[in-house]
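# A structural walkthrough
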Amino acid sequence: MWQYDKKLQFPVNIKNPDPRAAQIIITQYGGPDGELGASMRYLTQRYSMPYDDLKGLLTDVGTEELAHLEMICAMVHQLTRNLTPEEIKKSGFDKYFVDHTAAVYPIAASALPWRAEYIQAKGDVITDLHEDLAAEQKARTTYDNLLRLIDDPDIREPLKFLRQREIIHYQRFGEGLERAKDRLNSKNFYACNPSFDKKCGK
Amino acid sequence: MTPKCKLVKYIDALDFALYEMVLYLDTHPHDKKALAAFEEYKRRRKEAIKEYERNYGQYLRMAKKTKPDGSWNWIKGPWPWEYEKEEA
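Overview of the structure. Keep in mind that what you see is a predicted model, and the values were worked out from it rather than measured.

Each value, and the rule that gives it
Residues numbered from 1 in each chain as written. Chains lettered and ligands numbered in written order. Predicted model: local features only at pLDDT ≥ 70, side-chain atom pairs only at ≥ 80, totals over all residues. Heavy atoms only, no water. Helix = DSSP H or I, 4+ residues; strand = E, 2+ residues; numbered from the N terminus. Buried < 20%, exposed > 50% of the residue type's maximum accessible area, 1.4 Å probe, protein only. Lys, Arg positive; Asp, Glu negative; His and termini not counted. Salt bridge = Lys/Arg side-chain N within 4 Å of Asp/Glu carboxyl O. Contact = heavy atoms within 4.5 Å. Buried area = accessible area lost by both parts, 1.4 Å probe. Polar contact = N/O pair within 3.5 Å; in protein donor to acceptor, adjacent residues only side chain to side chain. Nonpolar A, V, L, I, M, F, W, Y, C, P; charged D, E, K, R; others polar. Core = buried A, V, L, I, M, F, W, Y, C linked by side-chain atoms within 4.5 Å. Phe/Tyr/Trp six-rings, centres within 6.5 Å; stacked < 30°, edge-to-face > 60°.

## Examining the side chain of Glu70(A)
Locating Glu70(A) in the fold gives a position in helix H4 (residues 52-79). The side chain of Glu70(A) is buried and forms no salt bridge, while Lys7(A), the nearest opposite charge, is found at 9.9 Å. Apart from residues lying up to four places away in sequence, Glu70(A) is in contact with Tyr4(A), Lys7(A), Leu8(A), Pro80(B) and Trp81(B).

## Section: the interface of chain B and chain A
Taken residue by residue, the interface counts 25 residues in chain B and 30 residues in chain A. Buried surface at the junction of chain B and chain A, both sides included, amounts to about 2,400 Å², of which 57% is carbon and sulfur. Where chain B packs against chain A, one counts three salt bridges. Between chain B and chain A we count 10 residue pairs in polar contact (both at pLDDT 80 or more) in total. Split into classes, the residues belonging to the side of chain B that touches chain A amount to 13 nonpolar, three polar and nine charged.

## Let's talk about unusual backbone geometry
The amide bond that connects Gly77(B) to the next residue, Pro78(B), takes the cis arrangement and shows omega of 0 degrees. Within the secondary structure, Pro78(B) is located in the segment after helix H2 (32-56). Phi angles above zero are rare outside glycine, and Asn82(A) is one such case at about 55 degrees. Within the secondary structure, Asn82(A) sits in the loop between H4 and helix H5 (85-90).

## Re the nonpolar core
Residues and elements named next belong to chain A. Ranked by size, the top nonpolar core spans 30 residues in total, and within it Ile 25, Met 75, Ile 155 and Leu 159 carry the most contacts. Contributions of two or more residues to this core are made by helix H1 (19-25), H4, helix H7 (125-149) and helix H8 (153-181). A per-element tally of this core places H4 first, with eight residues. Setting aside residues no more than four positions away along its own chain, Ile 155 makes contact with Ile 14, Ala 21, Ile 25, Met 75, Leu 79 and Ile 150. One finds Tyr 42, Leu 57, Leu 133 and Leu 184 within the second-largest nonpolar core, a separate group that totals 18 residues.

## Side note on the packing of aromatic side chains
In total, this model carries 10 aromatic pairs over all chains according to the counting rule given. Ring geometry for Tyr42(A) versus Phe173(A): centroids 4.8 Å apart, planes at 50 degrees, classification tilted. Of this pair, Tyr42(A) sits in helix H3 (residues 35-45) while Phe173(A) is found in helix H8, placing the two residues 131 residues apart along the sequence. Of the two residues, Tyr42(A) and Phe173(A), both sit in the buried class. Ring geometry for Tyr52(B) versus Tyr59(B): centroids 5.1 Å apart, planes at 85 degrees, classification edge-to-face. One exposure class covers both Tyr52(B) and Tyr59(B), and it is buried.

Given below as structure tokens:
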């Protein structure tokens, strides 16, 4: 189960609404490398993970990703508050507005809604951890790209925090992969799949 | 920044440090230095909450508790995603 902490992991307080920025930042909510996919990926992979330490890691990183999607949603929400019809038309926010008004809906910057195809749970320890490592790097690149396009420090600070977290998670998953390999046949990590084959490893 | 606001920020920083230690300990479960750091941050957080409650009353922000006036605190805004001009 989960308990809700009534706060953000890192503060989001954006003075000036900017619906143009909101339309690209929303991709880290519902886009291919966004935080919604991240949390679903890790929390889903837990069930076929055979090792207790990595069950813990997937649970704890997956939980932190829920806090990250909340930060992204807070940013989109604050960037689209108090808009006039003129501002909506001028910023190109009108296409989103007709479908969702000022609600926060999980789509990519390209407007494609979130899809389960963005994630994988392959039921193989080595495969799933590589998926996770790649996912953290893809999210980091996305934050780098957002930071290239955005100048407002109120928006940049939480984005910079989230970018750093991708790097930490990548580090932890890398260590997780090493810990998994330590339990396998060092001459052939793929000799069996410890998620499925019962007698496996050293 | 008011002293109260500073203290709340300090508690938030400790919450972050604690979570960071959780992830680290998942892949370094026998690291004595990290385990000691985790316990130390936990101790500091407890101290900071005590200091908050000495000066400002119940630390209610995240608690599902009855307010001193007898009402339900949990639903009191602002909620975390809302823009706040000045931190309370």
